[in-house]
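Analysis of the macromolecular model
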2 protein chains.
Amino acid sequence: MNSRELSDLLSKHENIYILTHTLPDGDAIGSALAWGAALRHHGKKVRIFCPGVIPRKYDFLPDVSVIEHVFPPAPPPGIIFILDCGDLDRLDYMRDRVIKAGIIVNIDHHGTNLHFGDLNIVDTSAAATGEIIYNLMLQLRLPLDFGISMCLYAAIASDTGSFKYGNTTSHTLHAAAALLENGVDPALISQKIFDEYPHSTIYLLRDALATLQLDDTLPIAWMNLHEDVLDDYGAKAEELEGFVNYAKNIHGIEVGIFFYHTSKGETKVGFRSKTVDVSAIAGNFGGGGHPRAAGCTIKGQAGPDAIRMVIQDVKDTLVIKSR
Amino acid sequence: MNSRELSDLLSKHENIYILTHTLPDGDAIGSALAWGAALRHHGKKVRIFCPGVIPRKYDFLPDVSVIEHVFPPAPPPGIIFILDCGDLDRLDYMRDRVIKAGIIVNIDHHGTNLHFGDLNIVDTSAAATGEIIYNLMLQLRLPLDFGISMCLYAAIASDTGSFKYGNTTSHTLHAAAALLENGVDPALISQKIFDEYPHSTIYLLRDALATLQLDDTLPIAWMNLHEDVLDDYGAKAEELEGFVNYAKNIHGIEVGIFFYHTSKGETKVGFRSKTVDVSAIAGNFGGGGHPRAAGCTIKGQAGPDAIRMVIQDVKDTLVIKSR
């Protein structure tokens, strides 16, 4: 672990810029806020940036409103922490300004991380970037107060699906336990992150479930929804997160797929699987992801045609695999 | 803690009978199997009983098939462990034979426990009976092998909703962490317990969501389903577990209610709330439960009338509370 180098670096710089990725999730937001608060308490001048809208469900996190969406063209020199980003493209429109702005410290847990930093603190055994921040804070003896603990707990709970995913280790649970000892309320955080949604989400779920189809012979289930339906309910695309699992979770089903037809004529495809590598299937259509969770975007094929094409590819993959 | 007394008792008896409650959940089944295996490895003759069908999703737990459903009329004397039962009525049809059969050790975590045992190991700070069994095994120095760890992890994960509920403490998470160190796969257990259901469940959910209603002025949302629909899909009532949360989880909703109309003309009502005490409302109709999760059964009123009556009572409660 590079905590010695990090400590040296921190002793030499006053200005701290913390960035995380576009389409920010709980780990991105919680990690950035926690690390920002820790360094602010440590006497640094801290600014936090994200090239994407913070979903409203994270409004409960302390100081979430300090996150900025425009990176300055020529900020005073300092350390740039890039959190939870496998590569610099995850910084979206901020990328070009950021890479010119100073020393880059890359803190991440993704196996695909490109080690783009001047200092790289990449720990693929960590369930979340929040778990790495927790480790760093212990190593640097930075105090974990209630607010920081809440942000880190939200980060870790978010990236493990409340400790359900295979990335959950005994270290993850011990870290979460230590955070609870600082007064964090697990029920409040879980309710906010996982179990609260606008009324429109229920309508979207009902309509999506109504489109559920199962293949006659192969263990594939899929659903679809058009952006028009979201518009009807005043809903946002982020509300569709997790819908694909309703297909994947059906007993006997191996691959669940969710098709989202946009008004621009594209079809965004989300894959989830129990054991099959769906990142390879997504890759066939220019997408990617993890073996059990991947995605791609189909352009130039209308809705039903995109579905037929993708389902055929999944069927071919399953048939080859079963040979 | 009574581990000294328990240790003395165990040294004097060879026959062990372990019982848990009717409508068994993951904590009941996991705790009973873990405790049974621990005492069997300790050289005891162990039999495990449950007065209810074990839901199929627990088939993956080691030795789940050893659980018996008929308690013998005159078994050889021994210790009777009653797990996860607040009172003896939870033993349903086994109750009368059990109370005559020997020394009763009551191991439970419910605040309502009646201390009906000759020895009572009741720890209301434990998130699950599985957490108490884990503590006892450490105190008695009984080895936690892979199978036992899996059963205890399933028990704890089940009763905390995968560490989402307010009963989750740092001790709960440290215990779960120790169980993972014995090789338990959190993703497998979570998938089996929380995220796998028959195809019919999706149809039931879709149909239930289609009945969703929100009150015009008060934060109440409800859904209903008739047993006939379950019959159409070949579904079981246990598949409805958790549906009520879809109503409760809506942003701004305080009380979610699910009405299940049976073919016998009864209406079973499940209440979930964010802050209101719904056990009092359930109590108005002869039911009960916890402040945030309660239930009752309405007899003698047909479906829509039962709904109207209950909703009116919830509205009255919310209006009084808001004064």
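Keep in mind the model is a prediction, meaning the values are calculated, not measured.

Right, let's talk about the relation of the copies chain A and chain B for a bit. Placing chain A over chain B gives an RMSD of 0.2 Å and needs a rotation angle of 180°, together with 0.0 Å of translation along the axis. On the angle and the small slide along the axis, the relation comes out as a two-fold axis. With an isologous cut-off of 70% or more, the 100% of interface residues of chain A that recur at the interface of chain B puts this contact in the isologous class.

As a further point, take the packing of helix 2 (residues 26-41) of chain A against helix 4 (residues 129-139) of chain A. Residue and element names in this part refer to chain A. At their nearest, the axes of helix 2 and helix 4 sit 8 Å apart, and the two run at 20° to each other. By the angle class used here, helix 2 and helix 4 are roughly parallel. Like other packed secondary-structure pairs, helix 2 and helix 4 cross with a definite hand, here left-handed. Contacts from Asp27, Gly30, Ser31, Ala34, Trp35 and Ala38 in helix 2 reach Thr129, Gly130, Ile133 and Met137 in helix 4. Across the contact of helix 2 with helix 4, the residue classes break down as five nonpolar, four polar and one charged.

This part takes up the domain arrangement of chain A. Its domain assignment divides chain A into domain 1 (3-194) and domain 2 (201-322). Centre-to-centre separation of domain 1 of chain A and domain 2 of chain A, based on C-alpha positions: 30 Å.

Glancing now at the nonpolar core. Counting 122 residues, the largest nonpolar core has Phe81 of chain A together with Phe81 of chain B as its most contacted members. Sequence-distant contacts of Phe81 of chain A, that is, excluding residues within four places in its chain, are made with Ile16, Tyr17, Ile18, Leu19, Trp35, Val105 and Ile107 of chain A. Leu205 of chain A together with Val244, Phe258 and Val276 of chain B belong to the second largest nonpolar core, which has 78 residues in total.

All names here are of chain A. The buried fraction of strand 3 (residues 79-83) amounts to five of the five residues, a majority that puts the element mostly inside the structure. Sheet analysis places strand 1 (residues 15-19) next to strand 3, joined by four bridges and oriented parallel. Paired with Ile18 across the two strands is Phe81, which belongs to strand 3.

Taken together, the 36 residues of chain A in the interface contact 36 residues of chain B. For the side of chain A that touches chain B, the secondary structure elements donating two or more residues are helix 6 (170-181), helix 7 (186-194), helix 8 (199-209) and helix 10 (243-248) of chain A. Counting residues per element, the side of chain A that touches chain B draws most heavily on helix 6 of chain A, at eight residues.

About the cut-offs
- Residues numbered from 1 in each chain as written.
- Chains lettered and ligands numbered in written order.
- Predicted model: local features only at pLDDT ≥ 70, side-chain atom pairs only at ≥ 80, totals over all residues.
- Least-squares fit on C-alpha atoms with pLDDT ≥ 70 in both.
- Contact = placed C-beta atoms within 7 Å.
- Axes fitted to C-alpha atoms, helices over the stretch in contact; angles between N-to-C directions.
- Helix = DSSP H or I, 4+ residues; strand = E, 2+ residues; numbered from the N terminus.
- Parallel < 35°, antiparallel > 145°, perpendicular 65-115°, else oblique.
- Left-handed = near helix turned anticlockwise from the far one by under 90°.
- Nonpolar A, V, L, I, M, F, W, Y, C, P; charged D, E, K, R; others polar.
- Domains from an automatic or database assignment.
- Core = buried A, V, L, I, M, F, W, Y, C linked by C-beta atoms within 7 Å.
- Buried ≥ 20, exposed ≤ 12 C-beta atoms within 10 Å, placed from the backbone.
- Pairing = 2+ DSSP bridges.

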